[in-house]
Amino acid sequence: MSSTASPRAEARTILIIVAIVQFVIGGWFSWSASHAAPRDLPVLVVTAPGSDRLTERLLASAPGAYEVEEVATVEDADAALREREAYGALLPTANGGLELHLASAASPTVAQNLTGRAQELAAGPVRITDVVPADPDDPHGAGLSMGFLPLLITAVIAGLLFVLKVRSAAAKFMGVIGFAVVSGLLSSLMLTHLSGVLPGGYLVNAGVIALLELAMVGVITGLGSLIGPPGIAVGAVLMFVIGNPLSGLASAPEMLPQPLGTLGQFLPAGAAAGLLRTAGPFDGAGAGRPVLVLLVWALIGLALLWASSRRKPAAPPQGAARDSAGEPRPTAAPAH
């Protein structure tokens with residue numbers, strides 16, 4: 001905005017911009033949440049008399065919702081659930097009923113969906129075995145979802161402040177790393193022990209959160225330092241506005257519209273959400289890809305910071321006064 005604009009014009013411009021941003025972000029967040037539904041959820045069917053018919057009925061009950069694979073035994077199904085290869089397994093019983101094995105720790109929302117579907121197919125009660133149960137302190141996953149959101153919001157705030165308030169590239173670099181470490185230690189203490197919504201070990205969770213913060217703050221600070229305010233905006237939109245709704249933490253990546261759900265797993269928020277789910281209950285099964293995603297984004301952020309430190313500052317106007325440190329000295333405004 002021009003410095004010559006009147007205060008009313010500036011206020012009008014601000015309120016219009018913020019209202020439009022609020023409209024777009026609110027619509028995007030609500031749309032992604034309201035369109036959550038099963039899409040190719042990996043489900044197993046244990047081979048037994050009637051399993052072929054069960055598979056057909058399951059696929060016909062919700063076309064496109066499930067990706068079904070048959071396994072030979074219940075033991076094989078349970079092993080696959082522990083390795084995060086599927087969310088649940090169905091077994092036809094001798095009396096014509098159904099047995100359902102779940103890994104509710106992978107997604108309480110998906111577990112609820114599969115339970116309802118199994119009861120519908122069985123037209124009655126279903127025997128349920130939770131092979132990898134959700135944390136008893138947070139059985140529905142709501143606490144973890146709410147605790148995860150501030151990690152993303154504060155990352156955006158930290159990146160903004162590092163760009164606007166810290167002039168030295170070296171200080172920004174140390175600030176980004178220091179924030180990631182402190183955030184990991186404190187946030188893991190809160191979520192793992194005090195609120196108890198995050199399963200797994202304290203140090204492992206601290207490491208995951210530190211990687212998340214390093215990736216997000218590094219990219220936002222690096223882009224902002226390299227190209228100014230537009231870089232902050234691009235980083236915040238990519239890391240939070242796009243990354244948060246597509247993280248899949250509140251449901252599962254397969255519950256989101258595709259290919260958006262898959263895309264979200266290649267952003268820091270989605271990778272960290274999957275990693276926090278798997279680090280404790282599943283003993284790290286399937287952790288390789290999300291760790292790699294977080295490391296790549298962290299390296300991108302640090303590379304952007306390094307690139308910004310190599311950029312030559314703009315030369316001051318000819319004849320501008322300098323202070324003892326060689327920095328341009330502000331000149332006093334002429335008296336009127």
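Before reading on, note that the structure itself is shown above.
Structural notes, computed from the coordinates. (Residues numbered from 1 in each chain as written. Predicted model: local features only at pLDDT ≥ 70, side-chain atom pairs only at ≥ 80, totals over all residues. Heavy atoms only, no water.)

### Structural notes on the pairing of strand β5 (residues 127-130)
Point 1. Taken together, the four bridges between strand β4 (residues 98-102) and β5 define a ladder with parallel strand orientation. Paired with Glu99 across the bridge in β5 is Arg127.
Point 2. On the question of chirality, the crossover connecting β4 to the parallel β5 by way of helix α4 (residues 108-122) is right-handed. (Pairing = 2+ DSSP bridges. Helix = DSSP H or I, 4+ residues; strand = E, 2+ residues; numbered from the N terminus. Right-handed = clockwise from strand over helix to strand, strands pointing away.)

### A few points about the pattern of salt bridges
Point 1. Tallied over the full model, the rule gives two salt bridges.
Point 2. Of the charged contacts in the structure, one is a salt bridge between Glu56 and Arg53, with a shortest N-O distance of 3.8 Å. Within this pair, Glu56 and its partner Arg53 are both found in helix α2 (residues 51-61), separated by three residues, close to a single helical turn.
Point 3. Residue classification places Arg53 among the exposed positions, given a relative accessible area of 53%.
Point 4. When the shortest N-O distance is used, the salt bridge between Arg117 and Glu120 registers 3.3 Å. (Salt bridge = Lys/Arg side-chain N within 4 Å of Asp/Glu carboxyl O. Buried < 20%, exposed > 50% of the residue type's maximum accessible area, 1.4 Å probe, protein only.)

### A few points about α4
For an α-helix, the turn length of 3.6 residues means that residues three or four places apart are oriented alike.
Point 1. Along its 15 residues, α4 runs 21 Å from first to last C-alpha, staying within 8% of the 21 Å computed at 1.5 Å per residue.
Point 2. Every buried residue of α4 is accounted for by Pro108, Val110, Ala111, Leu114, Thr115, Arg117, Ala118 and Leu121.
Point 3. Looking one or two residues past α4, Ala123 carries a phi angle of roughly 55°, positive in sign. (Expected span 1.5 Å × (residues − 1).)

### Thoughts on the sheet that holds strand β2 (residues 66-71)
Point 1. Read across the sheet, five strands follow the order β2-β1-β3-β4-β5 without closing on themselves; strand pairing throughout is mixed. Strands with a single pairing partner mark the edges of an open sheet, and in this sheet they are β2 and β5. Neighbour-to-neighbour, the strand axes of this sheet turn through a mean angle of 25°, independent of strand direction.
Point 2. Pairing between strand β3 (residues 88-92) and β4: five bridges, direction antiparallel. Residue pairing in the sheet places Leu90 in a bridge with Leu100 of β4.
Point 3. Along the sheet, α4 contacts β1 (41-46), β2, β3, β4 and β5; its crossing angle with β4, the most-contacted strand, is approximately 175°. (Axes fitted to C-alpha atoms, helices over the stretch in contact; angles between N-to-C directions. Contact = heavy atoms within 4.5 Å.)

### A closer look at the side chain of Thr278
Point 1. Secondary-structure assignment places Thr278 in helix α10 (residues 268-279).
Point 2. Within the structure, Thr278 has its side chain in polar contact with the backbone oxygen of Ala285 (distance 2.4 Å).
Point 3. Excluding anything up to four places from it in sequence, Thr278 contacts Arg84, Asp283, Gly284, Ala285 and Ala287. (Polar contact = N/O pair within 3.5 Å; in protein donor to acceptor, adjacent residues only side chain to side chain.)

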